[in-house]
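The lines below spell out each chain.
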Amino acid sequence: SGIIFIADTFNIRVRKVLANGTIVTIANGMTPSTVAIDNLGNVFIADPYNAIIFKLLLNGSLVVFFQGFYLGDCEPLWDTSWSIFAVNTTLFIG
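Residues numbered from 1 in each chain as written. Predicted model: local features only at pLDDT ≥ 70, side-chain atom pairs only at ≥ 80, totals over all residues. Heavy atoms only, no water.

**Student:** Even after reading the chapter, I still don't get the side chain of D38, so can you show me in this structure?
**Tutor:** Mapped onto the fold, D38 is located in the loop between β4 (34-37) and β5 (43-47). It turns out D38 is buried and unbridged, and the closest side chain with the opposite charge, K55, is 6.5 Å from it. Only 3.0 Å separates the side chain of D38 from the backbone nitrogen of L40, close enough to count as a polar contact. Residue contacts for D38: discarding those within four places in its chain leaves F44, A86, N88 and T89. (Helix = DSSP H or I, 4+ residues; strand = E, 2+ residues; numbered from the N terminus. Buried < 20%, exposed > 50% of the residue type's maximum accessible area, 1.4 Å probe, protein only. Lys, Arg positive; Asp, Glu negative; His and termini not counted. Salt bridge = Lys/Arg side-chain N within 4 Å of Asp/Glu carboxyl O. Polar contact = N/O pair within 3.5 Å; in protein donor to acceptor, adjacent residues only side chain to side chain. Contact = heavy atoms within 4.5 Å.)

Set out below in structure tokens:
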């Protein structure tokens, strides 16, 4: 469809570049590492710093799709370098 998603980690946001070149911010206040899109068009955003995977709904809302566990000292259980990818309708975390 000509749309590109950008996980802009250092600016704490996710951006979308439309086919006509317009850039739109679709999420603020997260530390995204990866954006994955499955074959149904579902958009998932990995925020490893907070151990959360968000799902972008068609109406533009973000919902928590998965939230990881924390250690006793409030550190995320996952390494902050993990990312996500989608194959068909399966989301993988790596």
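Now that the structure has been shown, the text picks up again.
**Student:** Just to check I follow, could you spell out the sheet that holds strand β2 (residues 13-17) for this structure?
**Tutor:** Strand pairs in the sheet, formed through backbone hydrogen bonds, run parallel or antiparallel to each other. Taken in spatial order, the 3 strands of this open sheet run β1-β2-β3, and their pairing is antiparallel. The sheet terminates laterally at β1 (4-8) and β3 (23-28), the two strands that pair on one side only. For this sheet, the mean inter-axis angle between neighbouring strands, taken without regard to orientation, is 25 degrees. Bridge count between β2 and β3: 5 bridges; the pairing is antiparallel. Within β3, the residue paired with K16 across the bridge is V24. (Pairing = 2+ DSSP bridges. Axes fitted to C-alpha atoms, helices over the stretch in contact; angles between N-to-C directions.)

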